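Notes for the structure review
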Amino acid sequence: MFRRNVCLAIAMTATLGTGRALALDAFEIQVYEAEVNRPGQFGLELHSNYTIAGRTTAEYPGEITPNHVARFTFEPALGVTEWLELGAYIQTMIGPEGGRFVGLKLRTKFVIPEQRTRPFFFGINAEIGRVSKSVEEEGWANEFRPIIGWSNGRFLVDVNPIFGYALTGPERFRPDFEPAGKLGVNTDLGFMLGVEYYAGLGLINEGFSSWHEQEHLMLATFDLVPPRGAPEASHGWELNVGLGRSLTEASPSKWLVKAIVGRAF
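Once a new chain begins, its residue numbering starts again from 1 and follows that chain's sequence as written. Local features in this predicted model are restricted to residues of pLDDT 70 or higher, and side-chain atom pairs are both shown and tallied only at a pLDDT of 80 or more, whereas totals for entire chains, interfaces and linings draw on every residue. Where side-chain values are given, they derive from all heavy atoms of the structure, hydrogens and water being excluded.

**Concerning the pattern of salt bridges**
Any Lys or Arg side-chain nitrogen found within 4 Å of a carboxyl oxygen on Asp or Glu counts as a salt bridge. Overall, the coordinates contain 17 salt bridges when judged by the stated rule. Here Arg174 makes a salt bridge to Glu171, at a shortest N to O gap of 2.6 Å. Linked by salt bridges that have partners in common, Lys182, Glu196, Asp223 and Lys258 make up one network.

**Topic: the pairing of strand β4 (residues 98-111)**
Should DSSP find at least two bridges between two strands, the strands are taken to pair. Every helix listed is a DSSP run of H or I at least four residues long, and every strand listed is a run of E at least two residues long, numbered separately from the N terminus. Strand direction decides the pairing type here: strand β3 (residues 84-95) and β4, joined by 12 bridges, are antiparallel. Among the inter-strand pairings, Met93 is bridged to a residue of β4, identified as Arg100. With antiparallel pairing between neighbouring strands as the criterion, β3 and β4 make up a hairpin whose turn holds 2 residues. In terms of strand pairing, β4 meets strand β5 (residues 120-131) through 9 bridges, oriented antiparallel. Residue pairing across strands places Lys109 opposite Asn125, the latter belonging to β5.

**With respect to the side chain of Glu75**
As for its position among the elements, Glu75 is in strand β2 (residues 70-81). A polar atom in the side chain of Glu75 sits 2.8 Å from the side chain of Arg107. When neighbours within four sequence positions are excluded, Glu75 is seen to be in contact with Gly43, Leu44, Glu45, His47, Ala88, Tyr89 and Arg107. Any pair of N or O atoms that falls within 3.5 Å is considered a polar contact. Within protein, one atom must be able to donate a hydrogen and the other to accept it, and sequence-neighbouring residues count only if both atoms are side-chain atoms. We call two residues in contact whenever any of their non-hydrogen atoms come within 4.5 Å of each other.

**Topic: the packing of aromatic side chains**
Ring pairs (aromatic) are described by centroid distance and by the angle formed between their planes. Pairs were defined over the aromatic rings of Phe, Tyr and Trp, the Trp ring being its six-membered one, requiring ring centres within 6.5 Å. Orientation was assigned from the angle between planes: stacked under 30 degrees, edge-to-face over 60, tilted for the rest. Inspection of every chain in the model, using the stated rule, returns 6 aromatic pairs. With 6.3 Å between their ring centres and 25° between their planes, Phe42 and Phe265 make a pair best called stacked. Of the two residues, Phe42 is situated in strand β1 (residues 42-54) and Phe265 in the segment after β13 (253-264); the sequence distance between them amounts to 223 residues. Look at Phe42 and you get partly exposed, because its relative accessible area is 38%. Here the term buried applies to any residue with accessible area under 20% of the maximum for its type, exposed to any over 50%, and partly exposed to those in between, with areas from a 1.4 Å probe on protein chains only. Overall, Phe265 belongs to the exposed group, its relative accessible area being 51%. Ring centres of Tyr165 and Phe173 lie 5.8 Å apart, and the angle between their planes is 45°; on these two criteria the pair is classed as tilted. You can call Tyr165 buried: its relative accessible area is 9%. Of the residues examined, Phe173 reaches a relative accessible area of 45% and is grouped as partly exposed.

If you want it as structure tokens, here you go:
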């Protein structure tokens, strides 16, 4: 009984946390860093990506297949303290069948102020949300995204060992593991070149899926960053673009292009 109560308490606590099901989140192709807006500062990002070539058969009734689909996520965020930021995701998509609103998520990001840990950085992002059945079969889902990284200004190493689970549907409360990572090099020319990697390994309590059933996606990326020694722009623009492809047949997007544009006010 004690063990059952502990498990229930953990599950209830986790529901305060994000929205994701058992596949890679096609609307949020980003490796998080431990950065938050200043207290009272508002920011807005637009995440977009397009599946150039992808799966053309539905995996369940009502799914919109990913081939030739463009996805857009509007992300407003507000800095609360030097270590806390609140945000939301408003998700839409445009495909061969037209455009539609597909989901809403709320998020909370906690970080350790970087001046205390530099050159390392640490944080965690927690989300909860619901998406349309046309995108994910489960609907309501939850996610935790630890943020672990190192940067000396020249090189960046960033890892997000993401785990989460559906809150509704046949896979509810069965955690899955979706690690993501990024390697980057600051060229000192105002931009960074890098590689981003995303994986969907399957259900944790079932020993993960076999390789051919896992999702693996790799992208070459370009980011606007100041040269080393230059002051960080407190009200500047953010830009991240990438082009990549899947490494396994299980990935719904074989070729994909993405862009993230943001600005803090």
